[in-house]
Amino acid sequence: MTEVRTPAEMLDERRHPLMTRLPPASHDRVARRFAAACARGDTAALKAVLTAEATVVSDTGGKLRAAVRPTRGADASARFLTALPTGQPDTTTTVEPVNGRTGLVLRRAGQAVAVVSVTVTGTEVAAVWIVLNPDKLRRWHRP
């Protein structure tokens, strides 16, 4: 599967030591809690898994309507994330490797509509990176 590059990959490891020292199994546990909350559209569960300063960044490539600026804070981020089409009858949400770590892929009729990666610090999600740009999602489509 082709990698979806995110700004998380550009972060200076010295500024984010928890991100670089977190064992993959710990990242996976937190990412799966996040994925379950997203799939249910559960704002309270999302807030519980997000840091107070959580940030959500969307990449639409200018092809879709979405927030131009990052969404900041657990409340605003949880509300933003529940607006994703997760949990809708025609959308599947799967936990899959994204950039080498546990992430989410949202599909409708096999066509990827979003790929989500998360930055985990400790037991919470600190940043969410959502690729919505259709040009970057083509290789994530499934028959």
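Use the structure listed above.
Residues numbered from 1 in each chain as written. Predicted model: local features only at pLDDT ≥ 70, side-chain atom pairs only at ≥ 80, totals over all residues. Heavy atoms only, no water.

Caption draft 1: Representation of helix 4 (residues 74–82). Looking at helix 4, one finds that the buried residues are A74, S77, A78, F80 and L81. Viewed along the axis of helix 4, the buried residues span an arc of 160 degrees, placing them on a single side of the element. Check the buried side of helix 4 and you find it contacts helix 2 (24–40), helix 3 (43–49), strand 1 (50–59), strand 2 (71–72) and strand 6 (124–131). (Buried < 20%, exposed > 50% of the residue type's maximum accessible area, 1.4 Å probe, protein only. Helix = DSSP H or I, 4+ residues; strand = E, 2+ residues; numbered from the N terminus. Arc of directions from axis to C-beta. Contact = heavy atoms within 4.5 Å.)

Caption draft 2: Region of the structure containing the sheet that holds strand 6. Taken in spatial order, the six strands line up as 2-1-6-5-4-3 in an open sheet, and their pairing is mixed. One side of each edge strand has no neighbouring strand; the edge strands of this open sheet are strand 2 and strand 3 (91–98). Bridging between strand 5 (residues 111–121) and strand 6 involves seven bridges; their strand directions are antiparallel. Bridge pairing in strand 6 links S117 to W129. (Pairing = 2+ DSSP bridges.)

Caption draft 3: Just the pattern of salt bridges, in detail. Across all of its chains, the model carries eight salt bridges by this definition. Of the charged contacts in the structure, one is a salt bridge between D75 and K47, with a shortest N-O distance of 2.6 Å. Note that D75 is positioned in helix 4 and K47 in helix 3, a separation of 28 residues in sequence. A salt bridge links R138 to D135; the shortest N-O distance between them is 3.0 Å. Residue class for R138 comes out exposed when judged on its relative accessible area of 53%. Each of E96, R107 and R142 takes part in salt bridges that share partners, so that together they form one network. (Salt bridge = Lys/Arg side-chain N within 4 Å of Asp/Glu carboxyl O.)

Caption draft 4: Region of the structure containing helix 2. Under the 1.5 Å per step criterion, the end-to-end length of helix 2 is 24 Å for 17 residues, consistent within 8% with the ideal 24 Å. Within helix 2, the full set of buried residues consists of S26, H27, V30, A31, F34, A35, A37 and C38. What you see down the axis of helix 2 is that its buried residues fit within an arc of 165 degrees, all on one side. Away from its buried face, by an angle of more than 90 degrees, helix 2 presents the exposed residues R29 and R40. Directly after helix 2, the chain includes G41, whose backbone phi takes a positive value near 65 degrees. (Expected span 1.5 Å × (residues − 1).)

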